[in-house]
Amino acid sequence: MAIKMQTLLLTPSDENIKKAAEIIKNGGLVGMPTETVYGLAGNALDGSVVKKIYAAKGRPSDNPLIVHIADFDSWKNLVVSVPEKAMKAAEAFWPGPLTVILKKSSLIPPETSGGLDTVAVRMPSHPAARKLIKECGLPLAAPSANSSGKPSPTKASHVMADLEGKIDAVLDGGDCDIGVESTVVSFVGEKAVILRPGGVTPAMLEKVLGEKPVIDKACFAEVDNKARVSSPGMKYKHYSPDANVIILKGSIEKFVSYVESHLQSDEAVICFNGEENLFSCPCFPYGDENDDLSQAKNLFSVLRLVDSRGFKTVYARYPRTEGVGLAVYNRLIRAAGFEVKDL
Ligand code: TXA
Ligand code: MG
């Protein structure tokens, strides 16, 4: 059996951030808090480090990683050029939950870009992430710090649960503010294309770009596993819970009556705050009904909780699809295998 390494759990003090930066500069991997979800950070310019990231997560190596930077100057070295639209979007939303895809420069090794000729770059706003990147003096490749197939981690304890013994350290920056991953936008073509909805909404992008961004169809429909997709992440189910997740769309009255008439043992409900007492089975609220931000913040944590309890089927309330709710909906329908039942 392989000997497991010890994973340090560190508070994000200046001293510990220096320690984490030393680990990364020596080719190690660190769980890094960001405002979206925790990332698993390593030197983005070193292909052998990036291979270790894929191995720790159990992630297919054709699914490229996001490169995290702390200033605009670093960006220019990583890409061939920055078109005006991409610059407008970055200036409006960086530091923050926006990932920009452009043609990559030769600095980016093929491991980081999953063999593509493009690279995804993001400037996170979480102070610990910013300090860590600056202290390293390197762009950091950081996919979400979960084992492949698990929900993204929004707490340091989630990272430890998935990766303890496989990575060098985790910086505990508390709960992630946004709770779903960044909005991934390609600026490779004429039009901006959203490849993954996230904290920056289509309406926010439209306001800044002066035109509606295209939303890639693969965000909301299943794609053929062998198909060529704009974002390789879309062909993977991402989060595939052991439980069968069924999203039910309709009023709370219809939802309760459907669940209560179909309910068997080993089943549970993912509902909104305040609805917990309406069901005879275990209930897990994931936010306020009319508050997309609260749903985004809690969704992954609730999905992890439900998984750990071993339910066979979980009925979920249909999320708000406006604003950041579009991202919540995208993550939830993936968990449900793209099926929504109208009541
Ligand atoms: O909020 C986030 O984006 C978090 C934090 C840690 O920054 N990171 C994250 O990384 O979610 P990851 O690796 O779990 O998701 C990156 C997504 C994948 O779906 C991947 O396929 C896509 O971005 N992606 C990365 N590079 C790409 C590229 N060059 N072209 C198209 N899609 C790309
Ligand atoms: Mg991920």
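Whatever comes next refers back to the structure up there.
Report follows, based on the coordinates.

Scoring rules and cut-offs
Residues numbered from 1 in each chain as written. Chains lettered and ligands numbered in written order. Predicted model: local features only at pLDDT ≥ 70, side-chain atom pairs only at ≥ 80, totals over all residues. Heavy atoms only, no water. Helix = DSSP H or I, 4+ residues; strand = E, 2+ residues; numbered from the N terminus. Rg over C-alpha atoms; globule rule 2.2 N^0.38 Å. Buried < 20%, exposed > 50% of the residue type's maximum accessible area, 1.4 Å probe, protein only. Lys, Arg positive; Asp, Glu negative; His and termini not counted. Charge placed at Lys NZ, Arg CZ, Asp CG, Glu CD. Core = buried A, V, L, I, M, F, W, Y, C linked by side-chain atoms within 4.5 Å. Contact = heavy atoms within 4.5 Å. Pairing = 2+ DSSP bridges. Axes fitted to C-alpha atoms, helices over the stretch in contact; angles between N-to-C directions.

A few points about the overall build of the protein chain
Thinking step 1. The number of helices and strands found in the protein chain is 10 helices and 16 strands.
Thinking step 2. For 343 residues, the compact-globule estimate of 2.2 N^0.38 gives 20 Å, and the C-alpha radius of gyration of the protein chain, at 20 Å, lies within 12% of that figure.
Thinking step 3. Looking at the protein chain as a whole, 55% of its 343 residues are labelled buried.
Thinking step 4. Distance between charge centres in the protein chain, computed from 40 positive and 41 negative side chains, equals 4 Å.

Side note on the nonpolar core
Thinking step 1. One finds Trp75, Trp94, Leu98, Phe187 and Leu205 to be the most contacted residues of the largest nonpolar core, which totals 44 residues.
Thinking step 2. Counting only elements with at least two residues in this core, the list comes to helix H2 (47-57), helix H3 (72-78), helix H4 (84-93), strand E5 (98-103), strand E6 (118-122), helix H6 (156-163) and helix H7 (202-209).
Thinking step 3. Dropping the residues within four chain positions of it, Trp75 is found in contact with Ile69, Val82, Ala86, Met87, Ala90, Trp94, Val100, Leu102 and Val121.
Thinking step 4. Phe272, Phe300, Tyr318 and Val324 belong to the second largest nonpolar core, which has 29 residues in total.

Examining the sheet that holds strand E15 (residues 313-317)
Thinking step 1. Here five strands make up an open sheet; going across it, the order is E14-E13-E15-E12-E16 and the pairing parallel. Sheet topology places strand E14 (283-285) and strand E16 (340-342) at the edges, where each strand pairs with a single neighbour. On average, adjacent strands in this sheet sit at an angle of 25° to one another, irrespective of strand direction.
Thinking step 2. Bridge analysis of strand E12 (residues 244-249) against E15 gives five bridges, and the strand direction is parallel. Residue pairing across strands places Ile247 opposite Ala316, the latter belonging to E15.
Thinking step 3. On the sheet, helix H8 (residues 252-262) packs against E12, strand E13 (267-271), E15 and E16 and is oriented at approximately 170° with respect to E15.
Thinking step 4. Along the sheet face, helix H9 (residues 292-308) touches E13, E14 and E15 and points at about 165° away from the line of E14.

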